[in-house]
Structure formats: C-alpha cells, structure tokens
Amino acid sequence: MKYLLHIAVFVIIAGCHPEVTTIAQFERWLELNDDVRFLQQQPFATTPLSHKEAQEAAELIHRRLKADLRQKYAAQWSEKTLALGTHKMPFEYKTFGEKPPEGWSLYISMHGGGNTSQEMNDRQWKNQLELYRPEEGIYIAPRAPDNSWNMWHKSYVDSLFCLLIQLADVFEDINTNRVYLMGYSAGGDGTYQLAPRMADRLAAAAMMAGHPNDASPVSLRNLPFTLHMGAEDSAYNRNGIASDWATILDELQNNDPEGYIHDVQIYKKVGHWMEQRDTTAVAWMAQFGRDAYPRKITWDQNGKQHSRFYWLALPENNRQLDAVLIVSCEYQLITIEEARNVNRLIIYLNDELLSLDDIVEVEYNKDLLFRGKPERTIATVWETMKDRNDPRQVFSARIEVYLN
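Predicted model only: the values in this text are computed from it and were never measured. (Residues numbered from 1 in each chain as written. Predicted model: local features only at pLDDT ≥ 70, side-chain atom pairs only at ≥ 80, totals over all residues. Heavy atoms only, no water.)

A. View of the packing of helix 3 (residues 51–79) against helix 9 (residues 378–385). Helix 9 packs onto helix 3 with a crossing angle of 40° between their chain directions and a minimal axis gap of 10 Å. It follows that helix 3 is oblique to helix 9 by the angle criterion. Once helix 3 is placed against helix 9, the crossing between them reads as right-handed. Contacts between helix 3 and helix 9 involve A54, A57, A58, I61, H62 and L65 on the former and, on the latter, I378, V381, W382 and M385. By residue class, the composition of the contact of helix 3 with helix 9 is nine nonpolar, one polar and no charged. (Axes fitted to C-alpha atoms, helices over the stretch in contact; angles between N-to-C directions. Helix = DSSP H or I, 4+ residues; strand = E, 2+ residues; numbered from the N terminus. Parallel < 35°, antiparallel > 145°, perpendicular 65-115°, else oblique. Left-handed = near helix turned anticlockwise from the far one by under 90°. Contact = heavy atoms within 4.5 Å. Nonpolar A, V, L, I, M, F, W, Y, C, P; charged D, E, K, R; others polar.)

B. Structural context of the environment of L131. The topology assignment puts L131 in helix 4 (residues 118–131). In this structure the C-alpha to C-alpha distance between L131 and N177, which are 46 residues apart in sequence, comes to 23 Å. Aside from chain neighbours lying at most four places away, what touches L131 is Y139, Y184, W273, Q276 and T279.

C. Structural context of the side chain of E136. With respect to the helices and strands, E136 occurs in the loop between helix 4 and strand 4 (137–142). Here E136 sits buried without a salt bridge, and the closest side chain of opposite charge, R178, lies 4.5 Å off (N-O distance). Those residues in contact with E136 that sit more than four places away from it in its chain are F96, G97, E98, P100, G103, W104, S105 and Y107. (Buried < 20%, exposed > 50% of the residue type's maximum accessible area, 1.4 Å probe, protein only. Lys, Arg positive; Asp, Glu negative; His and termini not counted. Salt bridge = Lys/Arg side-chain N within 4 Å of Asp/Glu carboxyl O.)

D. Structural detail: the sheet that holds strand 14 (residues 344–349). Strand order in this open sheet of four strands is 10-11-14-17, and the pairing throughout is antiparallel. Each edge of the open sheet is held by one strand with a lone partner, namely strand 10 (308–309) and strand 17 (397–402). Pairing between strand 10 and strand 11 (residues 312–313): two bridges, direction antiparallel. Within strand 11, the residue paired with F309 across the bridge is L312. (Pairing = 2+ DSSP bridges.)

E. Fine view of the pattern of salt bridges. Enumeration according to the criterion identifies 25 salt bridges in this entry. R28 is the partner of E31 in a salt bridge, and the nearest nitrogen-oxygen pair spans 3.1 Å. Of this pair, E31 and R28 are both found in helix 2 (residues 22–32), three residues apart, which corresponds to roughly one turn of the helix. Judged by its relative accessible area of 53%, E31 is exposed. Assessed through its relative accessible area of 33%, R28 is described here as partly exposed.

F. Highlighting the sheet that holds strand 2 (residues 87–96). An order of 1-2-4-3-5-6-7-8 is seen for the eight strands of this open sheet, with the pairing classed as mixed. Each edge of the open sheet carries a strand with a single partner, namely strand 1 (81–84) and strand 8 (262–267). Neighbour-to-neighbour, the strand axes of the sheet open up by a mean angle of 20°, direction not taken into account. With five bridges connecting them, strand 5 (residues 174–184) and strand 6 (residues 204–208) associate as parallel partners. Bridging across to strand 6, Y184 finds its partner in M208.

G. Structural view of the packing of aromatic side chains. Tallying each qualifying case throughout the model produces 17 aromatic pairs. Aromatic pair W152 and F161: ring centres 5.8 Å apart, planes at 40°, arrangement tilted. Ring geometry for Y293 and F395: centres 5.4 Å apart, planes at 85°, overall edge-to-face. On the criterion of sequence distance, the pair formed by Y293 in the loop between helix 8 (280–286) and strand 9 (296–300) and F395 in the loop between helix 9 and strand 17 is long-range, its members being 102 residues apart. (Phe/Tyr/Trp six-rings, centres within 6.5 Å; stacked < 30°, edge-to-face > 60°.)

H. Main features of the pairing of strand 16 (residues 367–372). In this structure, strand 15 (residues 360–364) lies alongside strand 16, joined through five bridges in antiparallel fashion. Along strand 16, the bridge assignment pairs Y364 with D367. Between strand 15 and strand 16, which pair antiparallel one after the other, the connecting turn spans two residues, and N365 there sits at a positive phi close to 55°.

I. Fine view of helix 3. With 29 residues, helix 3 extends 41 Å from end C-alpha to end C-alpha; this agrees with the ideal 42 Å at 1.5 Å per step. Along helix 3, the sharpest kink reaches roughly 60°, centred on Y73. When helix 3 is considered as a whole, its buried residues turn out to be A54, A57, A58, L60, I61, H62, R64, L65, L69, Y73, Q76 and W77. In this structure, the buried residues of helix 3 make contact with helix 2, strand 1, strand 2, strand 4, helix 5 (155–172) and helix 9. (Expected span 1.5 Å × (residues − 1). Bend = angle between axes of the 7 residues up to and from the residue.)

J. Broad picture of the nonpolar core. Among the nonpolar cores identified, the biggest contains 83 residues, and F161, F225, W311, I334 and L349 are the most heavily contacted of them. It is helix 5 that contributes the most residues to this core, 11 residues altogether. Within the second largest apolar cluster, 24 residues are counted, among which are Y132, A141, M182 and A209. (Core = buried A, V, L, I, M, F, W, Y, C linked by side-chain atoms within 4.5 Å.)

K. Seen up close, unusual backbone geometry. A positive phi angle, close to 60°, is found at Y236, a residue other than glycine. Of note, Y236 is situated in the loop between strand 7 (225–230) and helix 7 (238–255). For Y310, which is not glycine, the phi dihedral falls at a positive 55°. Inspection of the secondary structure assignment puts Y310 in the loop between strand 10 and strand 11.

L. Focus on the pairing of strand 1. Direction of pairing for strand 1 relative to strand 2: antiparallel, over a ladder of four bridges. Opposite A83, over in strand 2, you have K88 as the bridge partner. Linking strand 1 back to strand 2 in an antiparallel pair, the connection comprises two residues, with G85 at a positive phi of about 60°.

M. Region of the structure containing the environment of D390. Examined against the element boundaries, D390 turns out to sit in the loop between helix 9 and strand 17. For D390, a relative accessible area of 3% gives the class buried. Taking the C-alpha atoms as reference points, D390 and N175, 215 residues apart in sequence, are found 9.6 Å from one another. In contact with D390, not counting residues within four places along its chain, are T176, R201, R290 and M385. For D390, the side chain forms a polar contact with the side chain of T176, separated by 2.7 Å. (Polar contact = N/O pair within 3.5 Å; in protein donor to acceptor, adjacent residues only side chain to side chain.)

See the structure below:
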C-alpha cells in the first residue's frame, strides 16, 4: 500500500508539473521509494537523456546503491565476514601509504592450502596477510569459504569478490580502476581461474606458484598479467605449465600487439617457496590502471557463466560455457569479429566509447545488424550499475542483436 501511495503521489506531481525534468522526476522517485527494484518500470526510466543527464543519473544511482549497501552490509564489514547464501568469507586487511584523491588502490590476496585441515588453511590465511606490502593501498586477505583443492575458483567466489569490491568502495573509498588480484599456491590456482573471468573488474593480476587446471588465458586481452614460479616447483607440473603459459601469452600478444600485456618470471634454483622474489609483482601491477572501456574485447566464457564482460552482455537464456566473442569498436562502428556458441548479444555503450549523438552501426560477417542512434536512458544506466555499482564503468545505452 505504501509503494502504491508513493507511485500515486509521484504521478500527480509529475502530471501537475510537465516542465519537471526527467532527472528531477527520478530524484523525487528515489526520495519516495525505499524499494528500487521497480525502477526500470517507471515511465521516466525510458525517456531519452542527454550526455549530461546520463551522468547525473549515474551519480544518483551510485549514491543510492552505496547507501543501501552500507545499511545492508555494515555489520558484515565490521565483523570482517562476508556472507552470500550459505557461503561465508572472513577477511583481514591492512592499509599502506597515503590515500590518493581518487581513492585507495585495492589488492585482493588469496592464500594457499586447499584440500587440507581447517587449521592449516587458517595458518596459510594469516601468513598471506604478511606476504606483500604495496606502496599504497588496501591489502586485503580473504579466507576461503571452504577447505577444498578448488576453494578459490568455485562459482560463488566470483560473486563474493564482486561484493567485496563494492563494499570496499562503500566503507573504505577505493578507486575501482585500481583493483588487483593475486594469490600464492592454491591462491595462484585461483588467480589463473578468476583473473580471466573477472578481468573487467581488475587493473592487473599476479599468479604465484599455482596451477591453472582448465583455465583459459584468452580473456586476459585487456588485463596485465604476471606469473611467478620456482623453476624447481615440479609438483602437478606447475613449472612446466608456467613455461607453457609464457609461450601462449607470447603468441597471443604477437597476434594482437595492443593486448595481452604480461610478465613471466621463472626463478632458477628455487621450488614452491620463492624466497619472496615474487614480491616484485606488487610494484609491477601497480603501474597499471584498469581500462574500463577497451576498444576491443576478447571474451571466453570459461569456468563460470558470467552475464557481462566490459561492454558486452549475454541474455539470461543465451549463456553457455565455451562461448567466445571477439568484438571491437572503432569510431562509430561495432564489429563482431567472432562469435561462437552465441545467438544473441547485448552491446552496452556510452560517450566514452563513441558518440551517442551520431549514427552507430553494428556489423557481423559483413552484415549490418544495426544502424541508428542508441538512446541513453535511466533504465540502461540502472541495468549496468545495479549488480556492481561501479561509478567508473557505467553505460547509458544498449543495442541487442541476433547473430543467427
């Protein structure tokens, strides 16, 4: 009843004042409604916006979502334990250096251990908190939710880390273009797996002494990636596979010189423990910021189904593992260069990528799939922010195309 009353009051206000701008209507609606799940159903949500209005809408949504997250998760952040469903992830963190004007850098560092006892994994977790010291930033060491060999790349870990990034922004004011992922041993396994899956959330990633299992490096096109391994670390053929990845990354970069920045260090005469030579990875990562709007995206849906990757998204009923997309944006032309196991594709756009005030075209196999001016709307801004609340990766227009 309260919700219906608020809607009625809002409609009366808007009807009596036709000169009220879309953004003013939106701001008033946010004031009147505690539950924002119905935002996309409001008439103003699909009204075309200017570039400036789209920016204002993003600021309003970011502020509202931060307030909602703060209220919902304040206790969990204070207790240093995040929970999603039945999965709980404790964490500890330290702060280094001085906070930059744009916000702290964030380093997420995964411990080793794996399929062993609770006590052993707890020791590995505490040890991870002391391993690395960035010059500036928040260094956070989460504790894996369980004690399995694949504890860092189970499907729910992606969701926990996405939440962790959002809450670090809410409670510690981070720069979401400077989020780094790293891990040692079983944590290195996690880096191999999660860095490609979450590349659009990260600025760089560092793998130490791990094993990739079935991970694919294809999605690392826009994510600087460093790999550190002891030459004598032969368990599970870690050293041999690290050399293989060095070759694969070299080949990927040779074929795509503007992508696949990488640095591989294999240290002679050391085994699984690298005597802290791997600490150089922290400074190497810190030289990079995230490219939130890359001009070319290579997306291999590997390990876990994700709904979105940078400015590409897949409808819910059109996602499957092993889907591969290569899509580029040049001037006003979006070119789908490759699409495997994909029938429908959502392309999110903003004025950072191209001009939304001019004609945009989408091509696939030399066929023109779309030609027109995509409209900026509050509905699209909300769609791209509601699950991430990332103010530095916002899209205001969308195009949906069928590839078959």
